[in-house]
Amino acid sequence: DSPFETQRIVYTMGLNSVLATPILVNGKKFVGCIIICMEKEDAFREVDRILINDIAAMLGANIYCKRMRQSSDRSNKVAREMLHSMIPAKVIEKIECFWDVKSEEYWRRRSSVGSTTSQTYFES
């Protein structure tokens, strides 16, 4: 008896309750939806709605973080390509340890920076 075709289709499938929550990236951009259907009428309580909203918010935040990480990786790749095109290879070999996470020098320098930073906080 519904004027909405989708609602009639869902009803013919034997589903009487549908809970749909949008997944938003950065609280604004729609990227998907969580849809849960039940045969029982009025199957969802307020706590169910809150839980699904929270899950959708966490998914949206996770998608946002992944997109930011991908963007950062692309930017780093472009920056490296530009660096390699403008600076001689011998110079790059000497300074590469500052960003090459596979090198021992990178981790040695990183751990020494972290220990000096924590010492500075405690000395103040």
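Provided above is the structure to which this section pertains.
Remember, it's a predicted structure, so these values are computed and weren't measured experimentally.

Peer 1: Is there a simple way to explain the packing of aromatic side chains in this structure?
Peer 2: What characterises a pair of aromatic rings is the spacing of the ring centres plus the angle enclosed by the ring planes. Scanning the model with the defined rule gives one aromatic pair in all. Ring centres of Tyr-106 and Trp-107 lie 5.0 Å apart, and the angle between their planes is 90 degrees; on these two criteria the pair is classed as edge-to-face.

Peer 1: It is not clear to me how the nonpolar core should be interpreted in this structure. Could you clarify?
Peer 2: One recurring pattern in soluble globular proteins: nonpolar side chains tend to sit buried together. Of all hydrophobic cores here, the largest spans seven residues; its members are Leu-19, Ile-23, Ile-34, Ala-43, Phe-44, Ile-52 and Ala-56. Elements supplying a minimum of two residues to this core: strand E1 (17-25) and helix H2 (46-86). Dropping the residues within four chain positions of it, Ile-23 is found in contact with Lys-29, Phe-30, Val-31, Gly-32, Cys-33, Ile-34, Ala-56, Leu-59, Gly-60 and Ile-63.

Peer 1: Even after reading the chapter, I still don't get the pattern of salt bridges, so can you show me in this structure?
Peer 2: When charged atoms on two side chains of opposite charge get close, those side chains can pair. Here the structure, examined in full by the defined rule, presents three salt bridges. With its nearest N and O atoms 3.8 Å apart, the salt bridge here joins Arg-45 to Asp-48. By relative accessible area, which is 22% here, Asp-48 ends up partly exposed. Two residues, Glu-105 and Arg-108, come together in a salt bridge whose shortest N-O distance is 2.6 Å. Remark: Arg-108 and Glu-105 occur in helix H4 (residues 104-123); sequence separation between them is three residues, near one turn of the helix.

What counts as what
Residues numbered from 1 in each chain as written. Predicted model: local features only at pLDDT ≥ 70, side-chain atom pairs only at ≥ 80, totals over all residues. Heavy atoms only, no water. Phe/Tyr/Trp six-rings, centres within 6.5 Å; stacked < 30°, edge-to-face > 60°. Core = buried A, V, L, I, M, F, W, Y, C linked by side-chain atoms within 4.5 Å. Buried < 20%, exposed > 50% of the residue type's maximum accessible area, 1.4 Å probe, protein only. Helix = DSSP H or I, 4+ residues; strand = E, 2+ residues; numbered from the N terminus. Contact = heavy atoms within 4.5 Å. Salt bridge = Lys/Arg side-chain N within 4 Å of Asp/Glu carboxyl O.

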